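# An overview of the molecular structure
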Amino acid sequence: MQNQVLILDFGSQYTQLIARRVRELNIYSEIKPYNKIPSNLSDFSAVILSGSPSSVRSAEAPTPDLSNIKGKMPLLGVCYGAQFLAHYFGGEVAPSATREYGRAHLHSLQQNEPFLEGISDGSQVWMSHSDTIKQLPENATLLASTEDVANAAYKLDGEVTYGIQFHPEVYHTTEGTALLKNFLVNIAGLKQDWTPDAFVDTTVAELKEKIGDESVILGLSGGVDSSVAAMLLHKAIGQQLHCIFVNNGLLRKNEFSDVLEQYKGMGLNVKGVDASARFLEALKGEDDPETKRKIIGRVFIEVFDDEAHKVENATWLAQGTIYPDRIESVSASGGPSAVIKSHHNVGGLPDYMKLKVVEPLHLLFKDEVRRVGRSLEMPESILGRHPFPGPGLGIRILGDITAEKVSMLQEVDAIFINGLKDFGLYDKVWQAGAMLLPVNSVGVMGDERTYEKCVALRAVESTDGMTADWVNLPYEFLQKISNTIINKVKGVNRVVYDISSKPPATIEWE
Ligand code: XMP
């Protein structure tokens, strides 16, 4: 694939944002650790060097070999990237005399410079660095300064190399996307043709070619990723795709039947397997959170494996793995740490299944998955669905799990989630759910004493589930929901709202 951008990661917290900004321009970008530069650079039409928590002056600083890149293809250094280019090619980097974090404004913009086309004098940029470029290399032209940073943007003459001290990828750099567009489109000549429709067309063609007339099995979860992966495969190979949707007995109220109908309506070849009893039996009496998770994972694999064996000639397993699940991260020290997040939906199926793996979404961020889903005309009710964990209500019923507790929590959860929808709050919340606590407390209903269960409601805002904050839901909403739950759900006499952020709490209670 040509017409793509290589982003070399030096460990900045913003590297993923660079990739997203570039992709928002409909240009495909890939992140690679600075010490794993791809051997085939002809796939790429431009390179961006990310920021880093390191200082170029430190002995442990990342020092990539750019001999095949610098001067040979369009190159943009951001923050550490700009300092790296200055430091190693004839300039000087020194500690900043003043703190340079947050808001700054560009001034003294070089006239008639294509990199700055359309950028206004006074444009707000975001700084986050403790070193500064004291002296530019000899062949450099200064392009812009800020209040505190003389060398805020520069280019190297005789080559297509640019450096900027600020971060164009963050939201607070108001004209950051325009700068990236100037560099990538106007200067490097990349085409903006990486659209969801184009992605669907190329992916479907690739899947057809790769799979041929073999069969693929895929575990649907009701979530966005597995659903979009299924629709892409369906478009490519139709009925050769065999989807399996397992009811572990820990789904939301009516979810199994509703979602199954929806999948069938979308034309998917899907089999619903109701294994509720098998899961509940395996979980009986178990109250340790990790053991519960392990049991649910193990039984899922057993059920899935049984079903997969019933599909003749299945040689492929499809998974909904997305890009953030597989980006190799660079540790804060700049050293290669190669942490890859494990995917926890249908991931981790055992080797003995001996299936080839196909992951149609492995290049996409979550919001891109949704855009692709829209391009496939999938229902908003699937694309906009809150994340729901694989172990389902099993990790929201604290302590041991019984069928009675499951149905109690399903009722509570349905009142909460439907209430969010009725109040127009569902789409403003990243994830919401209810927890059934293993505590009884005293209440009074009519003139009677009650001694019943307590439920906790949780609603969080987040972008990726890694960090999260509780949502300030309106009191009148909480009042209405609490009232409805206590009046309608037998066995519950108390409702509390969880006001813990992550960290230190997690989103799920177990
Ligand atoms: P925590 O509780 O770790 O959750 O703050 C972060 C996000 O991950 C989801 N989650 C899971 N998803 N299988 C999943 O598919 C799991 O085992 C699992 N555990 C947590 C959780 O719902 C939240 O969105």
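Now for a quick tour of the structure. Every value quoted in this text rests on a predicted model; they were computed, and no experiment measured them. (Residues numbered from 1 in each chain as written. Predicted model: local features only at pLDDT ≥ 70, side-chain atom pairs only at ≥ 80, totals over all residues. Heavy atoms only, no water.)

### So, the environment of Glu-380
Put simply, the rule reads: What counts as a helix is a DSSP run of H or I of at least four residues, what counts as a strand is a run of E of at least two, and both are numbered from the N terminus.
Along the chain, Glu-380 falls in helix 10 (residues 380-383). Taking C-alpha positions, Glu-380 is 22 Å from Gly-272, a pair spaced 108 residues apart along the chain.

### Digging into the sheet that holds strand 7 (residues 140-144)
Formally: Pairing between strands requires that DSSP locate at least two bridges from one strand to the other. Here the axes come from fitting lines to C-alpha atoms, over the contacting stretch only for helices, and the angles between their N-to-C directions go from 0 to 180 degrees. In what follows, residue pairs with any heavy atoms lying within 4.5 Å of each other are defined as contacts.
With respect to topology, seven strands assemble into an open sheet ordered 2-1-3-4-9-8-7, the strand pairing being mixed. With one partner strand each, in any of the chains shown, strand 2 (28-33) and strand 7 form the two edges of the open sheet. Each strand axis lies, on average, 20 degrees off the axis of its neighbour in the sheet, ignoring direction. Of the strands in this sheet, strand 1 (4-9), strand 3 (44-49), strand 4 (75-78) and strand 9 (161-164) are in contact with helix 3 (residues 176-187), which crosses strand 3 at around 155 degrees.

### Quick notes on empty space enclosed by the protein
What counts, and what does not: Buriedness for pockets is judged along seven lines, at least five of which must meet protein on both sides within 12 Å for an open set on the 1 Å grid over protein atoms alone, while cavities are sets there where a 1.4 Å probe fits but cannot get out, and lining residues have an atom within 4 Å of a point. Grid points are joined across faces, edges and corners, and a volume is the space filled by probe spheres set on the points. Here the term charged refers only to Asp, Glu, Lys and Arg, the term nonpolar to Ala, Val, Leu, Ile, Met, Phe, Trp, Tyr, Cys and Pro, and the term polar to all other amino acids, Gly among them.
For the coordinates displayed, the defined rule picks out two cavities of 30 Å³ or more. Size it by volume and the second largest cavity reaches roughly 50 Å³. Per-class residue counts for the lining of the second largest cavity are five nonpolar, one polar and two charged.

### Thoughts on the packing of helix 4 (residues 196-211) against helix 9 (residues 366-375)
For clarity, the cut-off: Oblique is the label for any angle not covered by the other classes, which are roughly parallel (under 35 degrees), roughly antiparallel (over 145) and roughly perpendicular (65 to 115).
It is the contact of helix 4 with helix 9, at a shortest axis distance of 9 Å, that shows an interaxial angle of 80 degrees. Between helix 4 and helix 9, the angle is such that the two are roughly perpendicular. Between helix 4 and helix 9, the residues in contact are Pro-196, Asp-197, Phe-199 and Val-200 and Arg-371, Val-372 and Ser-375, respectively. Residues that form the contact of helix 4 with helix 9 fall into these classes: four nonpolar, one polar and two charged.

### With respect to the side chain of Arg-396
How we decide: Only protein chains enter the accessibility calculation, which uses a 1.4 Å probe; a residue whose area is less than 20% of its type maximum is buried, one above 50% is exposed, and one in between is partly exposed.
Within the secondary structure, Arg-396 is located in the loop between helix 10 and helix 11 (403-422). Overall, the relative accessible area of 1% leaves Arg-396 in the buried class. Those residues in contact with Arg-396, other than ones at most four positions away along the chain, are Arg-252, Phe-388, Pro-389, Leu-409, Asp-413, Gln-431, Ala-432, Gly-433, Ala-434, Met-435, Leu-436 and Glu-508.

### Concerning unusual backbone geometry
In this structure, the amide linkage connecting Lys-502 to the following residue, Pro-503, adopts the cis form with an omega of -15 degrees. When you line up the elements, Pro-503 lands in the segment after strand 20 (492-497). One non-glycine residue, Ser-108, adopts positive backbone phi at about 55 degrees. Its place among the elements puts Ser-108 in the loop between strand 5 (92-105) and strand 6 (124-135). The backbone of Asn-254 sits at a positive phi, close to 60 degrees, despite the residue not being glycine. Mapped onto the elements, Asn-254 comes out in the loop between strand 11 (241-247) and helix 6 (255-265). Overall, the relative accessible area of 47% leaves Asn-254 in the partly exposed class.

### A closer look at the side chain of His-386
Quick note on the threshold: For the purposes of these results, a polar contact is taken to be a pair of N or O atoms within 3.5 Å, where, inside protein, one atom must be able to donate a hydrogen and its partner to accept one; residues adjacent in sequence count only when each atom of the pair is a side-chain atom.
Note that His-386 resides in the loop between helix 10 and helix 11. What makes His-386 buried here is its relative accessible area of 5%. There is a polar contact of 3.4 Å between the side chain of His-386 and the backbone nitrogen of Ala-432. Each residue touching His-386, except ones within four places of it in the same chain, is listed here: Tyr-426, Val-429, Trp-430, Gln-431 and Ala-432.

### Digging into the layout of surface pockets
We count it as follows: In this entry, domain limits derive from an automatic or database-based domain assignment.
Each pocket or cavity is described by its volume, and for the second largest pocket that value is around 500 Å³. As for the second largest pocket, its lining consists of 18 residues, of which Arg-252, Arg-385, Ile-417, Asn-418 and Lys-421 are closest to the centre. For the lining of the second largest pocket, the secondary-structure elements that each account for two or more residues are helix 6, helix 10 and helix 11. Formed jointly, the lining of the second largest pocket draws a minimum of three residues from each of two domains, domain 2 (196-383) and domain 3 (397-497).

### A few points about the nonpolar core
Quick note on the threshold: Only buried residues count toward a nonpolar core. Its members are Ala, Val, Leu, Ile, Met, Phe, Trp, Tyr and Cys residues joined through side-chain atoms within 4.5 Å.
By size, the foremost hydrophobic cluster in this structure holds 48 residues, and its most contacted members are Val-412, Phe-416, Leu-420, Leu-457, Leu-473 and Ile-485. Broken down by element, this core gets its largest block of residues, eight residues, from helix 11. Residue contributions to this core reach at least three from each of two domains, namely domain 2 (196-383) and domain 3 (397-497). Dropping the residues within four chain positions of it, Leu-420 is found in contact with Leu-425, Tyr-426, Ala-432, Leu-473 and Phe-477. Counting residues in each nonpolar core, the second largest holds 43 residues, with Val-216, Leu-220, Ala-230 and Leu-364 among its members.

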